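# Inside the fold
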Amino acid sequence: MSDLPERVPLSAGVPAQAGSQTGLCPFCLLPGHDKLHCWRRRLYVPTPKQERAHSARRQWVGFGGGRGGAKSRWIIEDGNNLARRICGIRLKIFRANLDDLKETTLDEWRRSFLCDDKRPWSQFEYINWTELLFRYRPCACHGLQSEMSFGHLQDDMGLLSLTLGGFYLEQAEEVKESLVTEFLIPTLRQRLEFCQIHGDGKCVGEGPQVCLGRFPPNRVGVTFNPTGGWVRRWFYDSSEQEKTARDLCFIEALPEDNPHLPPNYKEQMRRNASTMQYQRWMEGNWDVIEGAAFTEWRRETHVIPPFQAPPGADILCSIDFGMAEPFCALWAFRWEGCLFFYREYYQEFATIEQNAKAVRAMMAKDGRLPRWIIADASMWKQPTELKGRVTTRHKALLHFLGLPLSKAPNDKYTKGPNIDAFKRWLQIDPKRIHPLKGILGSPRIFIFEDSCPNLIRQIPEMQWHKGRISGMYQDVLQTAEDHAVDAAMFAVAAADRGLLRGAALRKSRVEWAA
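Basis of the calculations
- Residues numbered from 1 in each chain as written.
- Predicted model: local features only at pLDDT ≥ 70, side-chain atom pairs only at ≥ 80, totals over all residues.
- Heavy atoms only, no water.
- Helix = DSSP H or I, 4+ residues; strand = E, 2+ residues; numbered from the N terminus.
- Contact = heavy atoms within 4.5 Å.
- Buried < 20%, exposed > 50% of the residue type's maximum accessible area, 1.4 Å probe, protein only.
- Pairing = 2+ DSSP bridges.
- pLDDT = per-residue confidence, 0-100.
- Axes fitted to C-alpha atoms, helices over the stretch in contact; angles between N-to-C directions.
- Parallel < 35°, antiparallel > 145°, perpendicular 65-115°, else oblique.
- Nonpolar A, V, L, I, M, F, W, Y, C, P; charged D, E, K, R; others polar.
- Phe/Tyr/Trp six-rings, centres within 6.5 Å; stacked < 30°, edge-to-face > 60°.
- Lys NZ or Arg CZ within 6 Å of the ring centre and 35° of its normal.
- Core = buried A, V, L, I, M, F, W, Y, C linked by side-chain atoms within 4.5 Å.

This brings us to the environment of H302. Within the element layout of this structure, H302 appears in helix α12 (residues 299-302). Between the C-alpha atoms of H302 and I447, which are 145 residues apart in sequence, the distance is 6.0 Å. Residues contacting H302, with those up to four places away along its chain left out, are E296, W297, L426, P443, I445, F446 and I447.

Below you can see the structure in the form of structure tokens.
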């Protein structure tokens, strides 16, 4: 999209010369009234963050980060603006369930059109409140009607017949990723052959590229609050290169970005919401999740810029085994009583031989072998096949890796202590001197940014298991994608128990056999 011209800001509407030539208001594209008294100018003045989202030139625009950031109003105005500018486009605003759609999104739609003289409704030729369908007046040049509708996602099979030029998804954290990829994205199949700015039945512009330069085709707007899952992976955790590849951007919207909130809004939320809810909704903290297992995690504290390992620092490699599920290997060095995780190998659907070769290749980057290689204890029991014979996964990996493995302390008796050790190492010790800053107050776990993306993603997503009947959280981690976290816990548990001493961990004669 880099070759597209700059888009006209929404607050400026259509360029001034276009308005003067056609007699249309440059703010709402409607004739017959002074722009100084325009309903749009009086009722909607975009905040700087909203303006950035309106002007984004990516196909996917993520707008979220906290409650009260005017996310719903942005969706309404962006969709309405797009429908009035692109001839014949079909847009739809989705919400997970029908009740929330009517109580929030549709109510915001109604209030956005409140005006003393009711002029905003004149831009519609057809309104059906039962079907939640709104058709705009057709443009004179092609006779095409733009269309805006609302829908919920409780009936996903009904999405298969839709053909849209763009859609908006409100509160995306309520929607499963599979529904987005398998049902919503395939609806973006409308070809926008006539893309001109229009208003009140008259087109403004000279060619089909007038609108495409300001609105990428098949626009998708997504709003959300801080959460985990696919929303976090797509919009928050992804690097700039990944965002560019997906053609998406993320614009954070916090309560302080919305000047229209009541002055005591934050104080009310502080009184009525829990500490965790306040951090998520008002401070935009993505690392706080209800039922989170590792509440000690702070991205700004534990994730640091990479640096060269100090001379003499001990290197260890920790492995969580997987074949159909991801195989994860983490590299860390021990320095000043802390563990610094600096490299990650994460691969699913690979054979033991393929994973072993990849791990050996990454070990060669250090110019020396790790002092310890800690592997998942379950490998010593799980069977596999090697050269036509049944053996254990541990022996198979040992054969291809060619290096001795040490059993990690992760049996059924040590799982709880492993979690406890990981939480203690994440916690900031006020008496410990920070190894990099030289000040009091430091955790014992650090992770290099952009080097261990799956570990950084999974730690805040880990949750305690919640009982179905009691509704109480139990001291058991909920089943989730936890392979990088498990590998990290193996390393931390070994260090916490004082096992990382001497030449290496204890090895049996079988482990040394090549």
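All right, on to the pairing of strand β15 (residues 372-375) then. Alternating positions in β15 separate into two faces, W372 and I374 on one and I373 and A375 on the other, with burial throughout. When strand β12 (residues 314-320) meets β15, the two strands line up parallel, connected through 4 bridges. Bridge pairing in β15 links C317 to I373. One ladder, built from 2 bridges, connects β15 with strand β18 (residues 406-407); its direction is parallel. Its bridge partner being in β18, I374 is matched across the sheet by S406.

Further remarks concern the confidence of the model for the chain. Within the chain, residue pLDDT values average 78, and 77% of them lie at 70 or more. When the elements of the chain are averaged for pLDDT, helix α18 (residues 509-512) gives the smallest value, 33, and strand β21 (residues 445-448) the largest, 98. Low confidence marks residues 1-22, where pLDDT is under 50. Its contacts with residues over four positions away, or in another chain, come to 47 contacts. Of the regions scoring below 50 in pLDDT, residues 115-119 engages in 6 contacts with residues more than four places distant in sequence or in other chains.

Moving on, we come to the packing of helix α6 (residues 177-184) against helix α8 (residues 229-237). At their nearest, the axes of α6 and α8 sit 8 Å apart, and the two run at 70° to each other. For the element pair α6 / α8, the angle class is roughly perpendicular. Residues E177, V180 and T181 of α6 form the contact with α8, whose participating residues are W230, R233 and W234. Class assignment for the residues of the contact of α6 with α8 results in 3 nonpolar, 1 polar and 2 charged.

What follows deals with the packing of aromatic side chains. Tallying each qualifying case throughout the model produces 27 aromatic pairs. When the centroid spacing of 6.3 Å and the interplanar angle of 80° are considered together, the rings of W74 and Y168 count as edge-to-face. Within this pair, whereas W74 is found in helix α4 (residues 71-85), its partner Y168 is found in strand β6 (residues 166-169), the two being separated by 94 residues in sequence. Judged by relative accessible area, Y168 falls into the buried class, the value being 0%. Pairing F327 with Y345 gives two aromatic rings, centres 6.0 Å apart and planes at 65°, and the pair type is edge-to-face. Here Y345 lies in strand β14 (residues 338-347) and F327 lies in strand β13 (residues 327-335), a separation of 18 residues in the sequence. Among the residues examined, F327 registers a relative accessible area of 1% and is labelled buried. Judged by relative accessible area, which is 11%, Y345 ranks as buried. Feature note: the residues F307, F333, W335, F340, Y342, F446 and F448 constitute an aromatic cluster, connected by ring pairs. The ring of W281 is capped by R67, whose NZ or CZ atom sits 3.7 Å from the centre of that ring.

Turning to the nonpolar core, a few remarks are in order. Counting 39 residues, the largest nonpolar core has F294, F341, F422, I447, L455 and I459 as the members making the most contacts within it. With near-sequence residues (within four places) excluded, F341 lies in contact with L330, W331, A332, I445, F446, I447, F448, C452, L455, A488, A491 and V492. Counting residues in each nonpolar core, the second largest holds 31 residues, with I315, A356, I373 and L397 among its members.

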